[in-house]
Amino acid sequence: SSSDSSSQVKPEADREQAGYETLVMTSEDGITKIMLNRPTKMNALTTQMYQEIMLALEAASKDDSTITVLTGNGSYFSSGNDLTNFTHISPDEIEEKARRGAILLRDFVGCFIDFPKPLVAAVNGPAVGISVTILRLFDLVYASDRATFHTPFSHLGQTPEGCSSYTFPKLMGPGKAAEMLIFGKKLTAAEACAQGLVTEVFPDSTFQKEVWTRLKAYSKLPRNALRISKQMIRNHEKEKLHATNAEESRILQERWLSDECMNAIMNFLSRKAKM
Amino acid sequence: SSSDSSSQVKPEADREQAGYETLVMTSEDGITKIMLNRPTKMNALTTQMYQEIMLALEAASKDDSTITVLTGNGSYFSSGNDLTNFTHISPDEIEEKARRGAILLRDFVGCFIDFPKPLVAAVNGPAVGISVTILRLFDLVYASDRATFHTPFSHLGQTPEGCSSYTFPKLMGPGKAAEMLIFGKKLTAAEACAQGLVTEVFPDSTFQKEVWTRLKAYSKLPRNALRISKQMIRNHEKEKLHATNAEESRILQERWLSDECMNAIMNFLSRKAKM
Amino acid sequence: SSSDSSSQVKPEADREQAGYETLVMTSEDGITKIMLNRPTKMNALTTQMYQEIMLALEAASKDDSTITVLTGNGSYFSSGNDLTNFTHISPDEIEEKARRGAILLRDFVGCFIDFPKPLVAAVNGPAVGISVTILRLFDLVYASDRATFHTPFSHLGQTPEGCSSYTFPKLMGPGKAAEMLIFGKKLTAAEACAQGLVTEVFPDSTFQKEVWTRLKAYSKLPRNALRISKQMIRNHEKEKLHATNAEESRILQERWLSDECMNAIMNFLSRKAKM
């Protein structure tokens, strides 16, 4: 089935790095792979997972690999922020929780802005929320034709993050960006490719094979040239990206404390619980 | 016929605002609609019309609606600047007229730059000149497949306005922008959509129905989230847009006084009179 | 054959400018044409050719033509930097050679940034390296369907120039730009058009006829309006383009002295010699 073909069996030869509970990190053939590994939770991002991804990116930036890849285990790439992050919060700790959440978000996105080597997303299935917005910060985004791209911020009373308020209109024009970021339109892989958010779409049945064949060839190119070229491109907008990230995180911190946002999230979770 | 299907019958339930001679302004279901209403003149923009649109936008920004829509009555969206604005000017008043024209233009475009809520264009038919360039300042642009997009500035000895010298190359790349802004190429709705100027094209026969169904759904989303997201996106370029608008208006003021421009407009009007 | 249909016979009526060895420069019908004229070397750019193109652009900027066109004689547009520029260099002159090369590159690209009139590329066949990257600095890029677009910088241990580290991601998004600039993907004319690098593609058999018919019509438009509109568009990014050009040239100067780059070029030339 299509979800079988997307699930990833770790080859014996991989040097797996220990110490991660929510990820599998391996390095081989000049490529370091960071795989989100909560398949039964559709790789929803918990606080622990945000922190482990940051540690993994830090390690990958310093290892001897040429290219770093982020992908997901199972049928989803990632269902985005785990909304249970918003539950079980007592009224007197809500402000502190929002403050810490905004710092975590800012630091997390900052790691993608600053990553110094070519960074590739292998989007094996549906992507939601922050797992969509950060894609514009990758150098290449390969997607299975099973992938979808959904940023329902307004439906949850929230606002864009991951620098998307700046990067998406720049990438696809204000109209297509508004459809996604303001009105929550879900895109197919083909649509996301037409808008430049995805670099190339592959049939799900051959996705893994084609992506890794391609990346193994790329990883043999002169590594300093690759690294310097990537940084030259990024440097043109790095300062603007950091400023945008800080401002988006600040605005979300306010949003999380608003009645509009709390009601929208509570409605969503109670609808989900009834299903 | 196709032009019948585009003409708009006002529903009884609309609360029509009084005081406009060239527009019909209505508000219903969280949506304020500003309809250009000189259908026999193809909604060409007179000085009065510029001023009434500014007043209408000011009112819409403060009412309790969630979304604001600009559209045209009849078969045209708008044929652009009414060239009779350039006639019946005595030689001794031409400099003052150009000065006032540049201020009116700058203030008009400025209202679109600063509009604080989601702003939607429902382009019911052909659009010309400034009614094309301002579209990049909207959040969503829906077009009938009968619509065309034409900016024949050079043919009239004029230069780009509506911030298009900045926004069009950013949106569609310098080549496609030059075809429109420098060389006056007219685009179909499908071509304008491929270039990102139009967000989605609908068959003319179902245009009104599909657009308003869509917008009524959008108008039910959390309104603060919509408004804040729109402003986050706009804030990244607001300062640049105002500076561009001021500079474009200044250059056009000079152009209007040039022999090249005067001759081009006189030729156009005399060719038109002979038809 | 297709290469015959792309080769350009000079009409008698052309006023050919003397003094160029690697170019043919002609002016007619308000159009100045600069034709790269080393067809047996696929119009590879030698130091002399860089200098003559700069002189030709300087002359074209001051003549009474409305539009300037750059094209290639023979089957190629240009195969890019002539790699023999890198050979026969003794170890003690290599630093000075790299320093001069970087200045030449910066001055060459600067001429395209500053060119004051509408500038058109008629890409008659394959384009490589800097002949691809500078295309984003033209106002219109017409291509034969035989043309391809290839920037194998990394394969030669080099990094992007011609302002492409800034202009390509802005034009086509970071993913498609990375494919070209970082990973050396070669684009067809249709792909380059879809990414906005090419404005329109024509069948090779009718390329010359269609392009020159189009340009003769455009050259009759009011010339001041054309020139001012072009400059308005360019002025929004002129300062950024010059800064990018200086930085890219500085980084390439370092690259040229690196072992990674020298080895990559030597490997390329020795593979070529064995063929």
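Just so you know, these numbers come straight off a predicted model, no measurement behind them. (Residues numbered from 1 in each chain as written. Chains lettered and ligands numbered in written order. Predicted model: local features only at pLDDT ≥ 70, side-chain atom pairs only at ≥ 80, totals over all residues. Heavy atoms only, no water.)

Chemist: For this particular structure, what's the right way to read the confidence of the model for chain A?
Modeler: Any region with low pLDDT has predicted coordinates that should not be read closely. Residue and element names in this part refer to chain A. Confidence in the prediction of chain A, expressed as mean pLDDT, is 93, and 93% of residues score 70 or more. Note on residues 1-7: pLDDT under 50 across the span, and 13 contacts to partners over four residues away in sequence or across chains. Low pLDDT, under 50, characterises residues 9-13; the stretch is placed with four contacts to residues that sit more than four places away or in other chains. Across the interfaces of the predicted complex, the ipTM metric reaches 0.93, alongside a pTM of 0.93. (pLDDT = per-residue confidence, 0-100. Contact = heavy atoms within 4.5 Å.)

Chemist: Would you mind going over the relation of the copies chain B and chain C with me for this structure?
Modeler: Superposition of the two copies of the chain requires a rotation about an axis and a shift along the axis. Superposing chain B onto chain C takes a rotation of 120 degrees combined with a translation of 0.0 Å along the rotation axis, leaving an RMSD of 0.0 Å. Overall, the copies show the geometry of a three-fold rotation axis. For chain B, the minimum C-alpha distance to the rotation axis belongs to Lys170 of chain B and amounts to 4.3 Å. (Least-squares fit on C-alpha atoms with pLDDT ≥ 70 in both.)

Chemist: Even after reading the chapter, I still don't get the packing of aromatic side chains, so can you show me in this structure?
Modeler: Any aromatic ring pair is given by two values, namely how distant the centres are and how the planes are angled relative to each other. All names here are of chain A. Enumeration over the complete set of coordinates arrives at 18 aromatic pairs over all chains. A centroid spacing of 4.8 Å and a plane angle of 85 degrees characterise the contact between Tyr50 and Phe108, whose relative ring orientation is edge-to-face. Pair noted here: Tyr50 is in helix 2 (residues 47-62) and Phe108 is in helix 3 (residues 94-114), with a separation of 58 residues, a long-range link. On the accessibility criterion, Tyr50 (6% relative accessible area) is buried. When the ring of Phe202 is compared with that of Phe207, the centres are 6.2 Å apart and the planes differ by 55 degrees; the resulting orientation is tilted. We classify Phe202 as buried; its relative accessible area is 2%. (Phe/Tyr/Trp six-rings, centres within 6.5 Å; stacked < 30°, edge-to-face > 60°. Helix = DSSP H or I, 4+ residues; strand = E, 2+ residues; numbered from the N terminus. Buried < 20%, exposed > 50% of the residue type's maximum accessible area, 1.4 Å probe, protein only.)

Chemist: Help me out: how do you make sense of the interface of chain B and chain C in this one?
Modeler: Interface size is commonly expressed as the accessible surface area that is lost when the partners come together. Between chain B and chain C, the residue contacts involve 24 residues of the former and 23 residues of the latter. When chain B packs against chain C, the two sides together hide about 2,200 Å² of surface, and 71% of this comes from carbon and sulfur. Area buried by chain B at its contact with chain C is led by Pro174, Ile182 and Phe183 of chain B, which between them contribute 30% of it. At the level of elements, helix 5 (164-181) and helix 9 (238-256) of chain B are the ones that each hand at least two residues to the side of chain B that touches chain C. It is helix 5 of chain B that contributes the most residues to the side of chain B that touches chain C, 10 residues altogether. (Buried area = accessible area lost by both parts, 1.4 Å probe.)

Chemist: Help me out: how do you make sense of the side chain of His150 of chain A in this one?
Modeler: All names here are of chain A. Here His150 lies in strand 8 (residues 148-150). Of the polar contacts made by the side chain of His150, one reaches the backbone oxygen of Gly184; its length is 3.2 Å. Ignoring sequence-local partners within four residues, the contact set of His150 consists of Ala127, Val128, Gly129, Val132, Gly184, Lys185 and Lys186. (Polar contact = N/O pair within 3.5 Å; in protein donor to acceptor, adjacent residues only side chain to side chain.)

Chemist: Help me understand the packing of helix 9 of chain B against helix 8 (residues 223-235) of chain C, please; the structure alone is not making it clear to me.
Modeler: Packed helices, taken two at a time, are described by their axes: the angle between them and the distance between them. Packing of helix 9 of chain B against helix 8 of chain C leaves a shortest axis separation of 12 Å and a crossing angle of 170 degrees. Relative to helix 8 of chain C, the element helix 9 of chain B is oriented roughly antiparallel. Counted together, Glu248, Ile251 and Arg255 of chain B of helix 9 of chain B and Asn224, Ala225, Ile228 and Met232 of chain C of helix 8 of chain C form the full contact between these two elements. Broken down by class, the residue content of the contact of helix 9 of chain B with helix 8 of chain C amounts to four nonpolar, one polar and two charged. (Axes fitted to C-alpha atoms, helices over the stretch in contact; angles between N-to-C directions. Parallel < 35°, antiparallel > 145°, perpendicular 65-115°, else oblique. Nonpolar A, V, L, I, M, F, W, Y, C, P; charged D, E, K, R; others polar.)

Chemist: Explain helix 10 (residues 259-274) of chain C here, please?
Modeler: Residues separated by three or four positions in an α-helix point in the same direction, a consequence of the helix having 3.6 residues per turn. In this model, helix 10 of chain C (16 residues) spans 22 Å end to end at C-alpha, consistent with the 22 Å of a helix rising 1.5 Å per residue. Residues of helix 10 of chain C that are buried include every one of Glu260, Cys261, Ala264, Ile265 and Leu269 of chain C, and no others. The buried side chains of helix 10 of chain C occupy one side of the element, clustering within an arc of 155 degrees when seen end-on. The exposed residues of helix 10 of chain C that point more than 90 degrees off its buried face are Asp259, Ala273 and Lys274 of chain C. Lining the buried residues of helix 10 of chain C we find helix 8 (223-235) of chain A together with helix 9 (238-256) of chain C. (Expected span 1.5 Å × (residues − 1). Arc of directions from axis to C-beta.)

Chemist: Can you walk me through helix 9 of chain B in this structure?
Modeler: The end-to-end C-alpha distance of helix 9 of chain B, which contains 19 residues, comes to 27 Å, matching closely the 27 Å that a straight helix rising 1.5 Å per residue would cover. Among all positions of helix 9 of chain B, only Leu241, Thr244, Asn245, Glu248, Ser249, Ile251, Leu252, Arg255 and Trp256 of chain B are buried.

Chemist: Explain the sheet that holds strand 8 (residues 148-150) of chain C here, please?
Modeler: Backbone hydrogen bonds are what pair the strands of a sheet, in a parallel or an antiparallel way. All names here are of chain C. Spatially, 6-8-9 is the arrangement adopted by the three strands of the open sheet, whose pairing is mixed. Among the strands making up the open sheet, the edge pair consists of strand 6 (127-128) and strand 9 (187-188). Direction of pairing for strand 6 relative to strand 8: parallel, over a ladder of two bridges. Within strand 8, the position partnered with Val128 by the bridge is His150. (Pairing = 2+ DSSP bridges.)

Chemist: Can you walk me through the sheet that holds strand 6 (residues 127-128) of chain A in this structure?
Modeler: In space, the three strands of this open sheet follow the order 6-8-9 (chain A), with mixed pairing throughout. This sheet does not close on itself; its edge strands, each paired only once, are strand 6 and strand 9 (187-188) of chain A.

Chemist: For this particular structure, what's the right way to read unusual backbone geometry?
Modeler: Keep in mind that most residues, glycine aside, have a negative phi and that most peptide bonds are trans. With a phi angle near 75 degrees, Cys163 of chain A is a residue other than glycine that sits in the positive phi range. Structurally, the position occupied by Cys163 of chain A is in the loop between strand 8 and helix 5 (164-181). In this model, Asn43 of chain B sits at a positive phi of 55 degrees, which is unusual for a non-glycine residue. Tracing the chain through its elements places Asn43 of chain B in the loop between strand 3 (31-36) and helix 2 (47-62).

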